[in-house]
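# Results of the structural survey
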Amino acid sequence: MNKKKSPTDNSLPVAPVGFFDSGVGGLSVLQAVRRIMPHENLIYFADSAHCPYGNRSVDFVRRRSLAITGFLLAQGAKAVVVACNSASEAALELLRLTFPGLEIIGLEPAVKVAQSMSKNKKIGVLGTPLTLRGGRFFRLLNNFSAGMEVYTQPVAGLVELIETGCLDDAQTTAILKKNLRPLLKKGIDTLVLGCTHYPLLKEDIASLCGPQVELIDTAEPVARQLWRRLLSTGRLNPGPGSGHIEYFSSGAVQTVNPVLRKIMADPALVVFQSSV
Ligand code: DGL
């Protein structure tokens, strides 16, 4: 289904907040925003036709991030959340340079938080290959890993499964087990979920890690950061009423729609096709 409408003036509190990810992972961030700011109107873009980003080149992810941010801006977005660690790693600086007046919130694996929470100073980071080999992540480790043992684990194949709605099946658990094993062997007590898809499997990850490992997800801190930015720029939507959410995808909507419905627990949810 295609959709055309006139954009809202993006200086107004009623203007929507835009989100994007390679696919459905950024919904973990959107859900946190929804909990903290229920009045906000939200637009979510799943770049399902180009998922996963984690195995792509930096240039490719930059081009997609520019195109999608342009689309969200054209829909009247007053802020854009890059709800994807890989896209933030590849494109955050470029997006801020290209769209100087736009509030752009990015993500990074929560190493800082893990540093303050870990008791035995051994932390693990699960992420995509693109994120874990990137310059931003390298700087983050340089700045916040003093006195800690940090073990990184690039994960292959998991995002693809989540995209098909396999959130709790044996294949998903097997990939998780394989990737968690080396980290658990090192005795980590804190695990950073460095990809927005992984919090969608939080229960499974928690039960595989056991109660001695604390899981760190960036969704809540990012939602609070967005709240602060909207408040300080006078664009927080005061309500009343619950904001509406619009979903777009570059992928085949008949495939994407059921997965979004499952994750958002909303059988009436509709995804609009976008050719961005
Ligand atoms: N959800 C994404 C992230 O946070 C992208 C995963 C992928 O497409 O590889 O990195």
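Another point: the sheet that holds strand β9 (residues 245-249). Pairing is parallel across the open sheet formed by six strands, whose spatial order is β4-β3-β1-β2-β9-β10. The open sheet has two edge strands with one neighbour each: β4 (103-105) and β10 (271-273). Direction aside, neighbouring strands of the sheet carry axes that sit 25 degrees apart on average. With five bridges connecting them, strand β1 (residues 17-21) and strand β2 (residues 42-46) associate as parallel partners.

A word on the packing of helix α3 (residues 85-98) against helix α6 (residues 135-144). Their axes nearest at 8 Å, the elements α3 and α6 cross at an angle of 100 degrees. On the basis of their axis angle, the class for α3 and α6 is roughly perpendicular. Contacts between α3 and α6 involve Ser 88, Glu 89, Leu 92 and Glu 93 on the former and, on the latter, Gly 135, Arg 136, Phe 137 and Arg 139. Taken together, the residues that form the contact of α3 with α6 break down as two nonpolar, two polar and four charged.

Core analysis: the biggest nonpolar cluster contains 55 residues, and Phe 19, Val 81, Leu 191, Ile 205 and Leu 226 have the highest contact counts within it. At six residues, helix α11 (residues 253-264) tops the list of elements feeding residues into this core. Beyond its immediate stretch of four places on either side in the chain, Leu 226 contacts Val 17, Val 33, Met 37, Ala 79, Val 81 and Ile 105. Judged by nonpolar contacts, the second largest core, of 24 residues, contains Ile 68, Val 80, Val 82 and Ile 104.

Time to look at the environment of Ser 118. By the element assignment, Ser 118 lies in the loop between α4 (111-117) and β5 (122-127). In this structure the C-alpha to C-alpha distance between Ser 118 and Asp 189, which are 71 residues apart in sequence, comes to 6.2 Å. Non-local contacts of Ser 118, meaning those with residues more than four positions away in its chain, are made with Ile 123, Asp 189 and Thr 190. At 2.7 Å, the side chain of Ser 118 and the side chain of Asp 189 are in polar contact.

Okay, the site of the ligand next. Inspection of the region around the ligand gives 14 residues, with Ser 22, Tyr 53, Gly 54, Ser 86 and His 197 positioned closest. A distance of 2.9 Å separates a nitrogen atom of the ligand from a polar side-chain atom of Asp 21. Between Asn 85 and the ligand, the recorded distance is 2.8 Å, taken from a backbone N or O atom to an oxygen atom. Considered class by class, the residues forming the shell around the ligand number six nonpolar, seven polar and one charged.

Of note, the amide linkage connecting Cys 51 to Pro 52 takes the cis form, showing an omega dihedral of 0 degrees. Relative to the helices and strands, Pro 52 is located in the loop between β2 and α2 (58-74). Put simply, Gly 239 and Pro 240 share a cis peptide bond, and its omega is 5 degrees. Its location among the elements puts Pro 240 in the loop between α10 (219-232) and β9. Notably, Lys 121 is not glycine yet its phi reads approximately 60 degrees, a positive angle. Within the secondary structure, Lys 121 sits in the loop between α4 and β5. Even without being glycine, Ala 265 reaches a positive phi, approximately 50 degrees. The residue Ala 265 is located in the loop between α11 and β10 in this model.

Following the criterion strictly, the structure yields four aromatic pairs and no others. Between the aromatic rings of Tyr 44 and Tyr 247, the centroid separation amounts to 6.5 Å while the plane-to-plane angle is 55 degrees, which identifies the pairing as tilted. Placement of the pair is Tyr 44 in strand β2 and Tyr 247 in strand β9, with a sequence separation of 203 residues. Summarising the burial analysis for this pair, Tyr 44 and Tyr 247 share the class buried. Put simply, the rings of Phe 45, Phe 71, Phe 248 and Phe 272 touch in pairs and so form one group of aromatic residues. Against the face of Phe 60 rests Arg 56, its NZ or CZ located 4.2 Å from the ring centre.

Rules and cut-offs
- Residues numbered from 1 in each chain as written.
- Predicted model: local features only at pLDDT ≥ 70, side-chain atom pairs only at ≥ 80, totals over all residues.
- Heavy atoms only, no water.
- Pairing = 2+ DSSP bridges.
- Helix = DSSP H or I, 4+ residues; strand = E, 2+ residues; numbered from the N terminus.
- Axes fitted to C-alpha atoms, helices over the stretch in contact; angles between N-to-C directions.
- Parallel < 35°, antiparallel > 145°, perpendicular 65-115°, else oblique.
- Contact = heavy atoms within 4.5 Å.
- Nonpolar A, V, L, I, M, F, W, Y, C, P; charged D, E, K, R; others polar.
- Core = buried A, V, L, I, M, F, W, Y, C linked by side-chain atoms within 4.5 Å.
- Buried < 20%, exposed > 50% of the residue type's maximum accessible area, 1.4 Å probe, protein only.
- Polar contact = N/O pair within 3.5 Å; in protein donor to acceptor, adjacent residues only side chain to side chain.
- Near = heavy atom within 4 Å.
- Phe/Tyr/Trp six-rings, centres within 6.5 Å; stacked < 30°, edge-to-face > 60°.
- Lys NZ or Arg CZ within 6 Å of the ring centre and 35° of its normal.

The values are spatial; any link to function lies outside them.
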